[in-house]
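Coordinate inspection notes
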Amino acid sequence: MRRLRACLGAAAAVTVAAGTTALVAGNASGAGNALDNRWYAAAPYLMPLDNDPPDPAAIMDATGLKSFQLAFVLAPNGGGCTPTWDGTAPVSSDTAVKSVIDKIRARGGDVSVSIGGYGGTKLGQACADPAATAAAYQQVITKYGLHAIDFDLEEPEYENGAAIRNEIGAARILQQNNPGLYVSVTTAGTADGTGWFGKQMLLEAKSQGFTPNNFSIMPFDGGFNGAASQTSALTKFNEVLQSTFGWDQATAYAHEGFSGMNGRSDTGEYFSQADFQTVLDYATSHHMDRFTFWSLNRDRQCTPADNGGRTSGTCSSVAQNSWDFAKYSVRFAGATPPSTTPTPTPTPTPPGASCKAAWSSTAVYTKDDEVSYGKHNWKAKWWTQNEVPGASQWGPWQDEGAC
């Protein structure tokens, strides 16, 4: 079942995202406005060309999700150091993925592109050195006007020391050449946080003087059993980060991320919506930097015909409504980490205070936009459209009191 991750591919990754990417946006045509970094850190994975890809616009409309991690860019199957989608479709001549990106950006969202995955030949394996590897990745950034890019470093590539030197070196070069880039490195998770190859990758980053915003682990496919085993691994990984980089606990958590797998994993582990909520609470309470999952292609319930008790690339194998797991990414992107003391009750707006412009079901609102509805003023916590203020405690609107 490990081979299944060529398509199910959880993210052992390096993410490069930008809150402000003047160099990238200036050099690329068609670049959308950059999202807040929290959105890139919350972007779930989506295969746009395989595994019965869902319509990203439908997911955005149903959940408020704004960011997607598109997978996977690889070296050509026939050899060479140029980027292709899934090893077969050259990025240079692509129009299919670009149309998906355009649709997402037209709705106020954005994407990251994921490089690597479990199957195929990675550019770090095919290119001669870090500079050549970085040049190949820069083609992807320029082609799509990216504010985010994800280097997926997992088996078997991360067992190849030369390939990992190329990948980490390329990420460092891209960080230097694209000022303002947000960088995250993700690797396999184990009960001890991460295994020997993951620890060697951390040491490679340290030796190159490369410090990303976060290192994420994938706590699944390693004998895990629900959220408790995952949060235990995240705690252990925090200790690994402290010992490797000399950080204190808080600094290590601020540089740590989680990349999960929704529903049934490749090895038959199960992760439910309740498990995702527990890990989300852990991530926000410890002020972690990233919370993502594999994948949106799987974020829907299986039918008897397409499941049969196995892991699927197109459904989760657990009882769910469509896009249940995407909603946890939305919550992470807009979450305020809980404090150790109760939050004071906000002082209501005095009666008679002026009301903001009336809420409209067709308007698009972004973080901190204000509206009035039901004789109360409301402030948007994140991007939203057609979500009634006050309709849900998990909703995008914060009540500012009567008006």
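Residues numbered from 1 in each chain as written. Predicted model: local features only at pLDDT ≥ 70, side-chain atom pairs only at ≥ 80, totals over all residues. Heavy atoms only, no water.

As for the confidence of the model for the protein
Looking at the protein, the pLDDT average stands at 85 and 85% of residues meet or exceed 70. At the low end of the mean pLDDT range in the protein sits helix 2 (residues 22-27), at 40; at the high end sits strand 5 (residues 89-90), at 98. Within the model, the stretch residues 338-351 combines pLDDT values under 50 with seven contacts to residues more than four positions away or in other chains. (pLDDT = per-residue confidence, 0-100. Helix = DSSP H or I, 4+ residues; strand = E, 2+ residues; numbered from the N terminus. Contact = heavy atoms within 4.5 Å.)

Focus: the nonpolar core
In this structure, Phe68, Tyr144, Phe151, Phe215 and Phe291 are the most contacted members of the largest nonpolar core, which totals 91 residues. Counting residues in each nonpolar core, the second largest holds six residues, with Tyr365, Val371, Ala380 and Trp397 among its members. (Core = buried A, V, L, I, M, F, W, Y, C linked by side-chain atoms within 4.5 Å. Buried < 20%, exposed > 50% of the residue type's maximum accessible area, 1.4 Å probe, protein only.)

Some words on the sheet that holds strand 16 (residues 376-380)
The sheet built from three strands is open, its strands ordered 15-16-18 with antiparallel pairing. Sheet topology places strand 15 (370-373) and strand 18 (397-402) at the edges, where each strand pairs with a single neighbour. Pairs of neighbouring strands in the sheet enclose a mean axial angle of 30°, with direction left out of account. Direction of pairing for strand 16 relative to strand 18: antiparallel, over a ladder of five bridges. What sits directly across from Asn377, in strand 18, is Gly401. (Pairing = 2+ DSSP bridges. Axes fitted to C-alpha atoms, helices over the stretch in contact; angles between N-to-C directions.)

Focus on the pairing of strand 3 (residues 67-74)
The side chains of a regular strand alternate between the sheet's two faces. The buried count for strand 3 comes to eight of eight residues, which makes it a mostly enclosed element. Here strand 2 (residues 45-46) runs beside strand 3; their pairing, made up of two bridges, is parallel. In the strand pairing of strand 3, Tyr45 is matched with Gln69. Each parallel crossover has a hand, and for strand 2 linked through helix 4 (residues 56-63) to strand 3 it is right-handed. Alignment of strand 3 against strand 6 (residues 110-116), held across six bridges, turns out to be parallel. The partner of Gln69 across the bridge, within strand 6, is Ser112. Pairing geometry for strand 3 and strand 4 (residues 84-85), over two bridges, is antiparallel. Opposite Val73, over in strand 4, you have Trp85 as the bridge partner. (Right-handed = clockwise from strand over helix to strand, strands pointing away.)

Focus: the packing of aromatic side chains
Evaluated as defined, the whole model comprises 18 aromatic pairs. Consider the rings of Trp196 and Phe197, whose centres lie 5.2 Å apart with planes at 85°: the pair is edge-to-face. Accessibility expressed as a relative area gives 59% for Trp196, which makes it exposed. Ring centres 5.2 Å apart and planes at 20° place the aromatic pair Phe215 and Phe245 in the stacked group. Highlighted residues: Phe215 in strand 9 (residues 214-218) and Phe245 in helix 10 (residues 227-245), separated in sequence by 30 residues. (Phe/Tyr/Trp six-rings, centres within 6.5 Å; stacked < 30°, edge-to-face > 60°.)

So, the state of the cysteines
One pass over the structure, following the stated rule, counts three disulfides. One disulfide bridge connects Cys302 with Cys315, the sulfur atoms lying 2.0 Å from each other. One quick way to see it: the torsion about the S-S bond of Cys302 and Cys315 is about 95°, and its sign makes the bridge right-handed. Of this pair, Cys302 sits in the loop between strand 13 (290-294) and helix 13 (326-334) while Cys315 sits in the loop between strand 13 and helix 13, placing them 13 residues apart in sequence. In this model, Cys355 is linked to Cys403 through a disulfide, with the two sulfur atoms separated by 2.0 Å. Here the disulfide of Cys355 and Cys403 is right-handed, its torsion about the S-S bond being about 95°. Separated by 48 residues along the polypeptide, Cys355 in the loop between helix 13 and strand 14 (364-365) and Cys403 in the segment after strand 18 bring together distant segments of the chain. By relative accessible area, Cys355 is classed as partly exposed at 42%. Here the bonded cysteines of the protein are numbered in sequence order, and their pairing is 1-2, 3-4, 5-6. (Disulfide = S-S within 2.5 Å.)

Section: the packing of helix 8 (residues 161-177) against helix 9 (residues 196-207)
Each pair of packed helices gets described by two things: the angle between the helix axes and the distance between those axes. Interaxial distance between helix 8 and helix 9 falls to 10 Å at its minimum, and their mutual angle equals 50°. Judged on the interaxial angle alone, helix 9 and helix 8 are oblique. Regarding helix 8 and helix 9, the two cross each other, and that crossing is right-handed. Taking contact as the criterion, the partners of Ile164, Arg165 and Ile168 in helix 8 are, on helix 9, Met201, Glu204 and Ala205. Its residues assigned to classes, the contact of helix 8 with helix 9 shows four nonpolar, no polar and two charged. (Parallel < 35°, antiparallel > 145°, perpendicular 65-115°, else oblique. Left-handed = near helix turned anticlockwise from the far one by under 90°. Nonpolar A, V, L, I, M, F, W, Y, C, P; charged D, E, K, R; others polar.)

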